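The primary structure of each chain is shown beneath.
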Amino acid sequence: MTLWRSIRGTLAALGVTLKAIFRRPATIPYPEVKRVPAPRYRARIVLTRDPRGGERCVACHLCSAACPVNCISMQAAEGPDGRRYAAWFRINFSRCIFCGLCAEACPTLAIQMTPDYELCRRDPLELVFEKEDLLVEDGGKDRDYDFYRHAGIGVAQARGEGSEEEPPADVRSLLP
Amino acid sequence: MPTLTIDEREVSVPAGASVLEAAEALGITVPHFCYHKALGAVGACRLCAVEIQAGPQHGLRMACLVEARDGMVVSTTAPAATGMRRAVIEYLMLNHPHDCPVCDEGGECQLQDMTVAGGHGVRRYRGKKRTFPNQELGPFVEQEMNRCIQCYRCVRTYRDYAGGHDFGVLGVRQRVAYGRFRPGRLESPYSGNLVDVCPTGVFTDKTVRFRARVWDMQCAPSVCPHCSLGCATWPWARYRELLRVSGREGPRTNGFFLCDRGRFGSGHANHPDRPRTPRLDGRELGWPEALEALRERLTKLTWAHGPGAVGLLTSGRASLESARALGLLGQALGGAPVVCEPHPRRDRAVRALVAELGQLGRDQEDVRQSDCLLLAGLDPEGEAPMLALAARQAVRRGARAAVWDPRPDRLPFPARRIARLPEALLEALARPDGRAPDGLEAAERESYAETRAALQAAERPVLLGGADLLGPRGVRLLLAAARALSRPGRACGLSLALPGPDSFGGALLCPDGPDADELLAGIEAGRVRALVCLEADPLSEHPDPARVAAALGRLELLVVLDHLPTASAARAHAVLPTTAAAEMDGAFVNHAGRLQGFARVYSAGLPIRVTGQGAHPPREFRPDTPGELPQPGWAVLAALAGEPVELGELRAELARSEPRLAGLAGLVAGGPGVQLALEPSARERPDTPAEPGVAEGELALLSVEALFGSEPLSARAAPVAGVASEDALALCPADAARLGLGEGEPARLRSALGEAVLPVRLAPGLAPGFALVQRRFGGPLEGFAPGGGPIACRIEKGGAR
């Protein structure tokens, strides 16, 4: 009985192997062949630009506040036109867990996740991306949005000239 | 004590309290914008709606405006109340811009908090938003008027609380705006409070515009180091840089507010030339080598020439623990005495106060609650700005105020004024009969008699003075006057502005040491061969800089421990970097004898703005922090004495050895502090001789402190350096005419303090016979150390500037 059981066990396992030989393989020969993930895949983070080509990031610190692993740091500064921007912006990808909370928090749609998952480096310092490494020449997922057009404090256009604003009030007028 | 029920819980509150305050006593926060503890209620924002279900009133009411009464039943969660609050938030948000990501208030914005808490998310109204033009309000305050919710807090602070005149409310209907009539710098020395009181981002701190978010900053309860009042502060730091200071609630001291010097003067901790590495004979060393070499040299000098060969000098800037550690170094060197102030007259004035004050010291809260004030020889704007604000609150409540001072009146409240030096008047006040001194004009005699009568009749009188003008004799006279005006059961208090944040504590630790002149004499005679200066700058603070310079040149070893790039540090053989107040734990004793602790906000180091040169931080791995070497003064001194200690041990030792400082053992930063149990010294009070006055016909020069630029810490802060007033020589118009000088004309000023050519400024409020200069670091008046009282001077037309 023992012998028979052994033979049956060997043949059954061999059968499974033989069946798998004619199936399509699950693995791909990376890096010769690269898989294309879905557009909403969460990998390398980028900083996008507004429809006029300006930096969207206003260095509001919401991404760094949302980041659960504290891999984002930045310094805000004021441009000559009163625009708030990031003097420097750094993401440490050796710490990033690609959770996407930063992109979700971003009020100006500046920070976005891309499907580019090829982020390995031999030197950990190369995984520290500065602003110039993160900026892309594109609007990303919502190309038409321009935060300063709606902010209502007269930075991208003169005060009171936004689409939802009235012209500045004359506070010295006593007319009703 | 009415008892009422709020949200089914009973509470008893003092009569006159509002329902909002009663709810707060229960720990229930009724949302509000316009109500502020210090400013009271006006009912402008309509947010604090509650439903009153039983009692004298019924229905939906504003909690801040309804007085709590017996038997009231209040609900803060009734549907009518929450519905009203939701509607109010929605109305307020109709016009509010959509700019929280670029607003500096974000994260500490009451409007943001309330909007999120109330669940408002979508603007249903489709109409357009109202906008306003902005105003340029000077270097400290940034305005973004579109964010305004018309709560009137700013006007109530600026005009009502602080007595400013150049800021107000304009417009009608929904065009109500707050600002100046014309753009320009806000003139009030308390303008920075707009930043703190604004519940949204209309007024933000321009000096740190876009520099950091509140949640990214480090902060800890601290005590303001810019004058002797010891106001409660929150310093905020990020990336090893002290960015800003905001007011902390100090019930006994500042209340809620701060002066602009305290608020914007913190940049000294980021000074680019600040010593950050121990330096000996021009070489930079690590701590162990520097301390070893210095200890050896100091010990050798002591062996060779006796314990008096090393002089020890501190100042009111050093913390209590550091001053104590200097004393311990003196003991380790065989008994070298400590000199506690580089200015001998200031030193004697402070020691006179500490010896005799007893329980007469009065904090700002006592001044606010006072019903009769006398300001003798005090110019609060320069010496203790918040004291003027405290006095103003007393006057607003109906207190009478009198000023005896020859300087122009810059007080934010009305006061009866005698434009004379206060000494003779105080002497008269201290006499039992109180007869007016000779030489007064009829109106002045009447004013004096009225003030004296008011002080005697008052329930809570307080005498305010400035140590700088009064000097030791004046301080003793002020103390004598306070005692003479006290009756059993009702003391006349005293509040004296001192030179530094810990002048009181320093004098407490060395009641009878030598003064700076004796130290200089020792150096000149060759007895003292080495000098250790703890956060003291004799070259800028002593009234005779030339003599100090010569004396320092004779020293074999000058050791300076400081966190400022002072003139003395530049000449020192050894510079040991210490930490600024925000970078260490410590304690100060304020002008009224209140011991207050402060906590470390951040660790000293080169700011990332410096290491990254404005761009991103350097891309490198290193185990240490650049510029981390500065150590607290006490730690350096203890190591120098060869006995390193922990702060707790040092405090325990101090509490043991000085019973009046027993409260130090359990001191917590952020608490109300401990009023020291002071007893007036039992020793015979020495009769201080009158100072050599100024001869008849000669002008008396007063060198005083200004709001900005005079005080050594804030004078080195970048935002403040640009706003210090121009150097000028103030003369009363009659004196100027006699000298043939007109407004703006150059005049040559010669005095014992030094010589300078300055433009003349006509000051109609200045008493005849006086010339007034304000010391300013970095200008021709740097050597004109305040604290010297009136001295003789000669003024002539003239000279190229």
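Residues numbered from 1 in each chain as written. Chains lettered and ligands numbered in written order. Predicted model: local features only at pLDDT ≥ 70, side-chain atom pairs only at ≥ 80, totals over all residues. Heavy atoms only, no water.

S.K.: I'd like to hear about helix α7 (residues 287-305) of chain B, residue by residue, with values.
M.R.: What sets the pattern is the α-helix's 3.6 residues per turn: residues three or four places apart point alike. Residue and element names in this part refer to chain B. Compared with an ideal rise of 1.5 Å per residue, which puts 19 residues at 27 Å, α7 spans 27 Å between its outermost C-alpha atoms and is within 8% of the ideal. Taken residue by residue, α7 has Trp287, Ala290, Leu291, Leu294, Leu298, Leu301 and Thr302 as its buried positions. An end-on view of α7 places all buried positions within 100° of arc, on one side of the element. Facing away from the buried surface of α7 by more than 90 degrees, the exposed residues are Pro288, Lys300, Trp303 and Ala304. (Helix = DSSP H or I, 4+ residues; strand = E, 2+ residues; numbered from the N terminus. Expected span 1.5 Å × (residues − 1). Buried < 20%, exposed > 50% of the residue type's maximum accessible area, 1.4 Å probe, protein only. Arc of directions from axis to C-beta.)

S.K.: Just give me the short version of the sheet that holds strand β32 (residues 746-751) of chain B, but keep the residues and values in it.
M.R.: Residue and element names in this part refer to chain B. Taken in spatial order, the 6 strands close into a barrel running β30-β34-β31-β33-β32-β35, and their pairing is mixed. When the angles between neighbouring strand axes are averaged without regard to direction, this sheet yields 40°. Examined bridge by bridge, strand β31 (residues 729-731) and strand β34 (residues 770-774) share 2 bridges and lie antiparallel to one another. Bridging across to β34, Leu731 finds its partner in Ala771. (Pairing = 2+ DSSP bridges. Axes fitted to C-alpha atoms, helices over the stretch in contact; angles between N-to-C directions.)

S.K.: Run through the sheet that holds strand β20 (residues 400-404) of chain B, naming residues and quoting values.
M.R.: Residues and elements named next belong to chain B. On the basis of which strands lie adjacent, the open sheet formed by 5 strands has the order β21-β20-β19-β22-β23 and parallel pairing. The two strands at the open ends of the sheet, each matched to only one other strand, are β21 (416-418) and β23 (493-497). When strand polarity is set aside, the average angle formed by the axes of neighbouring strands in this sheet is 15°. The pairing of strand β19 (residues 372-376) with β20 spans 5 bridges and is parallel. Paired with Leu375 across the strands is Val403, a residue of β20. Across the sheet, helix α15 (residues 467-485) touches β19, β22 (461-466) and β23, and the angle it forms with β22 is around 165°. (Contact = heavy atoms within 4.5 Å.)

S.K.: Tell me about the pairing of strand β28 (residues 594-598) of chain B, residues and numbers included.
M.R.: Residue and element names in this part refer to chain B. Of all 5 residues that make up β28, 5 are buried, and the element is covered over most of its length. Burial along β28 is two-sided: Arg594, Gln596 and Phe598 and Leu595 and Gly597, pointing in opposite directions, are all buried. Relative to β28, strand β27 (residues 586-589) runs antiparallel, the two sharing 4 bridges. Bridging from a neighbouring strand, Ala587 pairs with Gly597 of β28. Connecting β27 to the next strand, β28, in antiparallel fashion are 4 residues, including Gly593 with a positive phi near 85°. Pairing geometry for β28 and strand β29 (residues 674-675), over 2 bridges, is antiparallel. Its bridge partner lying in β29, Arg594 is registered against Gln675.

S.K.: Give a description of the interface of chain B and chain A that names residues and reports values.
M.R.: In this assembly, 43 residues from chain B lie in contact with 46 residues from chain A. Summed over the shared surface of chain B and chain A, the number is 4 salt bridges. Salt-bridge contacts for B:Arg619 lead to A:Glu130; the nearest nitrogen and oxygen are separated by 2.8 Å. At the junction of chain B and chain A, the tally comes to 28 residue pairs in polar contact (both at pLDDT 80 or more). Element by element, the count of residues in the side of chain B that touches chain A is highest for strand β6 (residues 129-131) of chain B, at 3 residues. When its residues are assigned to classes, the side of chain B that touches chain A shows 18 nonpolar, 7 polar and 18 charged. (Salt bridge = Lys/Arg side-chain N within 4 Å of Asp/Glu carboxyl O. Polar contact = N/O pair within 3.5 Å; in protein donor to acceptor, adjacent residues only side chain to side chain. Nonpolar A, V, L, I, M, F, W, Y, C, P; charged D, E, K, R; others polar.)

S.K.: Any chance you could break down a nonpolar patch on the surface for me, citing the residues and the numbers?
M.R.: A contiguous nonpolar patch, built from A:Leu3, A:Trp4, A:Ile7, A:Leu11, A:Leu14, A:Leu18, A:Ile21 and A:Phe22 and spanning about 940 Å² of accessible area, is present on the exposed surface. Relative to the helices and strands, A:Leu14 resides in helix α1 (residues 2-21). (Patch = residues over 30% accessible without salt bridge, like charges linked within 9 Å, V, L, I, M, F, W, Y side chains within 5 Å. Areas by Shrake-Rupley, 256 points an atom, 1.4 Å probe, with all protein chains shown as cover.)

S.K.: Tell me about the pattern of salt bridges, and please be specific about residues and values.
M.R.: Residue and element names in this part refer to chain B. Tallied over the entire structure, the rule returns 66 salt bridges over all chains. As a salt-bridge pair, Arg69 and Glu67 come within 3.9 Å of each other at their nearest N and O atoms. Arg69 sits in the partly exposed class, given a relative accessible area of 42%. Looking at Glu67, the relative accessible area reads 36%, which means it is partly exposed. Among the ionic pairs, Arg776 bridges to Asp727, the shortest N-O distance being 2.9 Å.

S.K.: Which residues make up the pairing of β34(B), and what are the values?
M.R.: All names here are of chain B. Of all 5 residues in β34, 5 are buried; the element is thus mostly enclosed. Burial of β34 is two-sided: the residues Phe770, Leu772 and Gln774 facing one way and the residues Ala771 and Val773 facing the other way are all buried. By the bridge criterion, 5 bridges tie strand β30 (residues 699-704) to β34 in an arrangement that is parallel. Looking across to β34, one finds that Ser703 is bridged to Val773.

S.K.: Could you give me a rundown of the domain arrangement of chain B, with the residues and numbers involved?
M.R.: Residue and element names in this part refer to chain B. One can read the domain layout of chain B as domain 1 (3-93), domain 2 (279-343 + 505-671), domain 3 (358-498) and domain 4 (699-797). Once you take the C-alpha centre of each, domain 3 and domain 4 turn out to be 25 Å apart. Counting residues at the interface gives 14 residues for domain 3 and 17 residues for domain 4. Of the roughly 1100 Å² buried between domain 3 and domain 4 on both sides combined, carbon and sulfur atoms contribute 64%. (Domains from an automatic or database assignment. Buried area = accessible area lost by both parts, 1.4 Å probe.)

S.K.: Let's hear about the packing of helix α8 (residues 320-332) of chain B against helix α23 (residues 647-657) of chain B: which residues, and what values?
M.R.: Residue and element names in this part refer to chain B. The interhelical angle for the contact between α8 and α23, taken along N-to-C directions, is 75°, at an axis separation of 10 Å. Put simply, α8 runs roughly perpendicular to α23. Residue-level contacts link Leu320, Glu321, Arg324 and Leu328 of α8 to Leu647, Leu650, Arg651, Glu653, Leu654 and Ser657 of α23. Taken together, the residues that form the contact of α8 with α23 break down as 5 nonpolar, 1 polar and 4 charged. (Parallel < 35°, antiparallel > 145°, perpendicular 65-115°, else oblique.)

S.K.: Which residues make up the side chain of B:Asp363, and what values go with them?
M.R.: Residue and element names in this part refer to chain B. As for its position among the elements, Asp363 is in the loop between α9 (344-356) and α10 (364-368). Exposure remark for Asp363: the relative accessible area of 1% places this residue in the buried category. A polar atom in the side chain of Asp363 sits 2.9 Å from the side chain of Asn590. For Asp363, the contacting residues outside a window of four places in its chain are Arg252, Thr253, Asn590, His591, Ala592, Arg594 and Gln675.

S.K.: Provide a residue-level description of unusual backbone geometry, including the pertinent values.
M.R.: In this chain, A:Tyr30 is followed by A:Pro31 through a cis amide linkage whose omega measures 5°. Take A:Pro31: it is sitting in the loop between α1 and β1 (45-47). Within the chain, B:Tyr152 stands out as a residue other than glycine whose phi angle is a positive 70°. With respect to the helices, strands and loops of the structure, B:Tyr152 is situated in the loop between β7 (141-143) and α4 (153-161).

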